Amino acid sequence: GDACAFATVDVDPNQEQPCHSRMLHVASDCQREGVGLALLKLVVAHFGKLKRHLGLKFARCHAQENFFLKAGFARIGMDDHYVYMARRVIVHGVRR
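Everything numeric here is computed off the predicted structure, so don't read it as measured data. (Residues numbered from 1 in each chain as written. Predicted model: local features only at pLDDT ≥ 70, side-chain atom pairs only at ≥ 80, totals over all residues. Heavy atoms only, no water.)

Student: A description of the packing of aromatic side chains should follow, citing residues and the corresponding values.
Tutor: The geometry of an aromatic ring pair is captured by two quantities: the separation of the ring centres and the angle between the planes. A full pass over the atoms with the stated rule returns 4 aromatic pairs. Ring centres of Phe67 and Phe68 lie 5.1 Å apart, and the angle between their planes is 75°; on these two criteria the pair is classed as edge-to-face. For Phe67, a relative accessible area of 25% translates into the label partly exposed. Taking relative accessible area as the criterion, Phe68 reaches 10% and is therefore assigned buried. An aromatic cluster is defined as three or more aromatic residues linked by ring pairs; in this entry it consists of Phe58, Phe67, Phe68 and Phe73. Over the ring of Tyr82 we find Lys57, and its NZ or CZ is 4.2 Å from the ring centre. (Phe/Tyr/Trp six-rings, centres within 6.5 Å; stacked < 30°, edge-to-face > 60°. Buried < 20%, exposed > 50% of the residue type's maximum accessible area, 1.4 Å probe, protein only. Lys NZ or Arg CZ within 6 Å of the ring centre and 35° of its normal.)

Right, here's the structure in full:
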């Protein structure tokens, strides 16, 4: 079948730097069915296995914070235009 959702992540070659979730798109006929959250959780799990942090930002005019909180992200900042969130991984019992 056809893909109903996709996500893109910019991967920093420096293992100490977070990767950045750039896009998450769900086809309109698949929205409000948990597809986006399921995909985001897969992305989080994948990068967690790689022991990589994930970061993202979204425009303050969009009420998306609760969506990202459900996938384990936490707000790390905000300015006049964006909300910044991160999903940190724990390595050897220590949060990096």
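Student: Give a detailed account of the nonpolar core, specifying residues and quantitative values.
Tutor: Counting 14 residues, the largest nonpolar core has Leu54, Leu56, Phe58, Phe68, Phe73 and Met85 as its most contacted members. Among the elements of the structure, helix H1 (35–49), strand E3 (54–59) and strand E5 (82–87) are those that each provide at least two residues to this core. Among the elements that line this core, the one with the most residues is H1, at 5 residues. Not counting chain neighbours up to four residues away, the residues in contact with Leu56 comprise Ser21, Phe68, Phe73, Val83, Tyr84 and Met85. (Core = buried A, V, L, I, M, F, W, Y, C linked by side-chain atoms within 4.5 Å. Helix = DSSP H or I, 4+ residues; strand = E, 2+ residues; numbered from the N terminus. Contact = heavy atoms within 4.5 Å.)

Student: Could you give an account of the layout of surface pockets, with specific residues and numbers?
Tutor: In this structure, the largest pocket spans a volume of roughly 760 Å³. Along the wall of the largest pocket there are 25 residues; nearest its centre are Leu24, Val26, Gly36, Gln64 and Phe67. Of all the secondary-structure elements, those providing two or more residues to the lining of the largest pocket are strand E2 (19–26), H1, E3 and helix H2 (65–70). The element best represented in the lining of the largest pocket is E2, accounting for 6 residues. (1 Å grid on protein atoms, 1.4 Å probe; cavity = no way out; pocket = protein on both sides within 12 Å on 5 of 7 lines; lining within 4 Å. Points joined across faces, edges and corners; volume = space filled by probe spheres on them.)

Student: Lay out the side chain of Ser21 in plain terms, naming residues and giving numbers.
Tutor: Counting through the fold element by element, Ser21 comes out in strand E2. Sequence-distant contacts of Ser21, that is, excluding residues within four places in its chain, are made with Thr8, Val9, Gly55 and Leu56.

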